[in-house]
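Here are the chains, one letter per residue:
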Amino acid sequence: MILTLITLGKLSGETHLRGIVQWARYRSKALCAAFGLKRQEALQEGLKAHVLKGNQVIIGGKTLHGTIAAGERQGEHLLAVYEPTTRTVLAQMSVSRKENEIVVAPQVLQRIALQGKVVTGDAMFTQRLLSQQIMDAGGHYIWIVKDNQPTLRTMIECLFRPQTVRPGQGTLPTDFKTVSKVNTGHGRLERRILTSSCLLQGYCDWPGMGQVFRLERSRTLPSSAPTVEIIYGITSLSPLEATPTQLLSFLRGHWAIENQLHYLRDVSLHEDACRLFSLNAQRCMAILNNLIIALLPSTPFAFLPDAQRFFKRPSLRCLRFALLTLQ
């Protein structure tokens, strides 16, 4: 019941322990009436962390800035595996100050079922052992390749480099497949061009390599010159399992861990502004924030601030709806 009260308080917009206690005290009569109701069938399935609706899971970390002491540079850092379709954090582990995300990544991925899932992550997770672990578990990976894997990056870069044609000679045949997408919004125009190939099979010994790709991203703003960024990557998905369009969708979907999870925890739930002396308390608050975000699809609201304004209303109807959402 205490966990439910804390969750209801946070769902109503209270992000600090003192505020949650006061929120519950001011609504004590309504809460007693709400908890006294006969248990009903939930309006929604609610949070089911063990049932994955989507086929993409994202691995990424976040530092709790509220745990950084004065004069220090490091604080509590949590590595999470996030499922964007249900907006659920499937697993989350603390990263010791003497370790990094690469050390913890195999442990946190062991906690979830990866059969048929596609794991996406930043360049730091482009590791041979981690790739093999995902393949052994029946999953697939899509990694960005940067300077932490210089040999692999050079091979991919050379593959997509324009060919030099000498007089009397033609170009070498390729299997390149390309897709282009244009998006507009917030006053900017973005164009993404992804080209994939499986020509490095047999030349590259990366575990489970199915394709490599080159992604060109250009952004144009009204008040500045266009910017262009070139990104290289590797995936265990074969051309039959993932077209360039699907690869581009996975890469765009990877940003959900920032837009749907980390941003909401910082801005709407004020996680970084919450200072608690106990690391365990900070971890518990982070878990509760994950729960609040995962409950959002079970409400009629697309945005967390809208849900918070609704649940902040001191009406029995709001409390009943919140309890049904938590079932």
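Details of the structure are given in the entry above.
Computed from a predicted structure; not experimentally measured.

Scanning the chain from terminus to terminus reveals 11 helices and 9 strands. Each of the 327 residues in the chain was classed as buried or not, and the buried ones make up 44%.

Enumeration according to the criterion identifies 1 cavity of 30 Å³ or more in this entry. Here the largest cavity is characterised by a volume of approximately 30 Å³. For the lining of the largest cavity, the element with the highest residue contribution is helix H9 (residues 279–295), accounting for 3 residues. Split by residue class, the lining of the largest cavity holds 3 nonpolar, 4 polar and 2 charged.

Let's shift gears to the pattern of salt bridges. Counted by the stated rule, this structure contains 11 salt bridges. Measuring nitrogen to oxygen at the nearest pair gives 3.6 Å for the salt bridge that ties Arg153 to Asp147. The exposed category is assigned to Asp147, whose relative accessible area is 63%. A network of salt bridges, in which partner residues are shared, links Lys62, Arg265, Asp266 and Glu271.

In this structure, Gln149 sits in the loop between strand S5 (140–145) and helix H6 (150–159). The exposure class assigned to Gln149 is buried, which follows from its relative accessible area of 16%. From its side chain, Gln149 meets the backbone oxygen of Thr126 in a polar contact 2.9 Å long. Beyond its immediate chain neighbours, meaning those up to four positions away, Gln149 contacts Thr126, Gln127 and Trp206.

Here the focus is the nonpolar core. Within the largest apolar cluster, 32 residues are counted, with the highest numbers of intra-cluster contacts made by Ile59, Leu109, Trp143 and Ile234. Those elements giving two or more residues to this core turn out to be strand S1 (56–64), strand S2 (76–83), strand S3 (88–95), helix H4 (101–109), helix H5 (128–136), S5, H6 and strand S9 (227–235). Once residues within four sequence positions are removed from consideration, Ile59 is found in contact with Leu79, Ala80, Val81, Ala105, Val108, Leu109, Val119, Thr120, Gly121, Phe125, His254 and Ile257.

This part covers the packing of aromatic side chains. Counting across every chain of the model gives 3 aromatic pairs. Seen from their ring centres, Phe301 and Phe310 are 5.3 Å apart, and the 45° between their planes marks the pair as tilted.

The next subject is the packing of helix H8 (residues 256–267) against H9. The contact between H8 and H9 brings their axes to 10 Å, and the two run at 120°. Comparing their axes, H9 and H8 come out oblique. Note that H8 runs across H9; the crossing there is right-handed. Between H8 and H9, the contacting residues are Gln260, Leu261, Leu264 and Arg265 on the first element and Ala286, Asn289, Asn290 and Ile293 on the second. For the contact of H8 with H9, a count of residues per class yields 4 nonpolar, 3 polar and 1 charged.

Strand order in the open sheet formed by 9 strands is S3-S2-S1-S4-S5-S9-S8-S7-S6, with mixed pairing between adjacent strands. Each end of this open sheet is capped by a strand with a single partner; those strands are S3 and strand S6 (177–185). When strand polarity is set aside, the average angle formed by the axes of neighbouring strands in this sheet is 25°. As defined by bridge partners, strand S4 (residues 118–121) adjoins S5 across 4 bridges and the pair is classed as parallel. By the bridge assignment, Thr120 is partnered in S5 with Ile142. Set on the sheet, H6 makes contact with S5, strand S7 (188–197), strand S8 (211–220) and S9; between it and S9 the angle comes to about 115°.

This next bit is on helix H7 (residues 244–253). In an α-helix, one turn spans 3.6 residues; hence positions three or four apart end up facing the same way. Within H7 the residues assigned to the buried category are Pro244, Leu247, Leu248, Phe250 and Leu251. Within H7, the buried residues cover an arc of 160° as seen down the axis, which keeps them to one side.

A few words now on the environment of Arg252. Take Arg252: it is sitting in helix H7. The spacing of Arg252 and Arg192 is 60 residues in sequence and 10.0 Å in space, taken between C-alpha atoms. When near neighbours in sequence (up to four residues on either side) are disregarded, Arg252 contacts Asn183 and Arg192.

Here we come to the side chain of Gln56. Within the element layout of this structure, Gln56 appears in strand S1. Polar side-chain contacts of Gln56 include one of 3.2 Å to the side chain of Thr120.

On to the pairing of S5, then. Of all 6 residues in S5, 6 are buried; the element is thus mostly enclosed. Where burial is concerned, the two faces of S5 agree: the one with His140, Ile142 and Ile144 and the one with Tyr141, Trp143 and Val145 are both buried. Following the chain from S4 across H5 to the adjacent parallel S5, one finds a crossover that is right-handed. Relative to S9, S5 runs antiparallel, the two being bridged by 4 bridges. In the sheet register, Ile142 faces S9, and the bridge partner there is Thr235.

The rules behind these values
Residues numbered from 1 in each chain as written. Predicted model: local features only at pLDDT ≥ 70, side-chain atom pairs only at ≥ 80, totals over all residues. Heavy atoms only, no water. Helix = DSSP H or I, 4+ residues; strand = E, 2+ residues; numbered from the N terminus. Buried < 20%, exposed > 50% of the residue type's maximum accessible area, 1.4 Å probe, protein only. 1 Å grid on protein atoms, 1.4 Å probe; cavity = no way out; pocket = protein on both sides within 12 Å on 5 of 7 lines; lining within 4 Å. Points joined across faces, edges and corners; volume = space filled by probe spheres on them. Nonpolar A, V, L, I, M, F, W, Y, C, P; charged D, E, K, R; others polar. Salt bridge = Lys/Arg side-chain N within 4 Å of Asp/Glu carboxyl O. Polar contact = N/O pair within 3.5 Å; in protein donor to acceptor, adjacent residues only side chain to side chain. Contact = heavy atoms within 4.5 Å. Core = buried A, V, L, I, M, F, W, Y, C linked by side-chain atoms within 4.5 Å. Phe/Tyr/Trp six-rings, centres within 6.5 Å; stacked < 30°, edge-to-face > 60°. Axes fitted to C-alpha atoms, helices over the stretch in contact; angles between N-to-C directions. Parallel < 35°, antiparallel > 145°, perpendicular 65-115°, else oblique. Left-handed = near helix turned anticlockwise from the far one by under 90°. Pairing = 2+ DSSP bridges. Arc of directions from axis to C-beta. Right-handed = clockwise from strand over helix to strand, strands pointing away.

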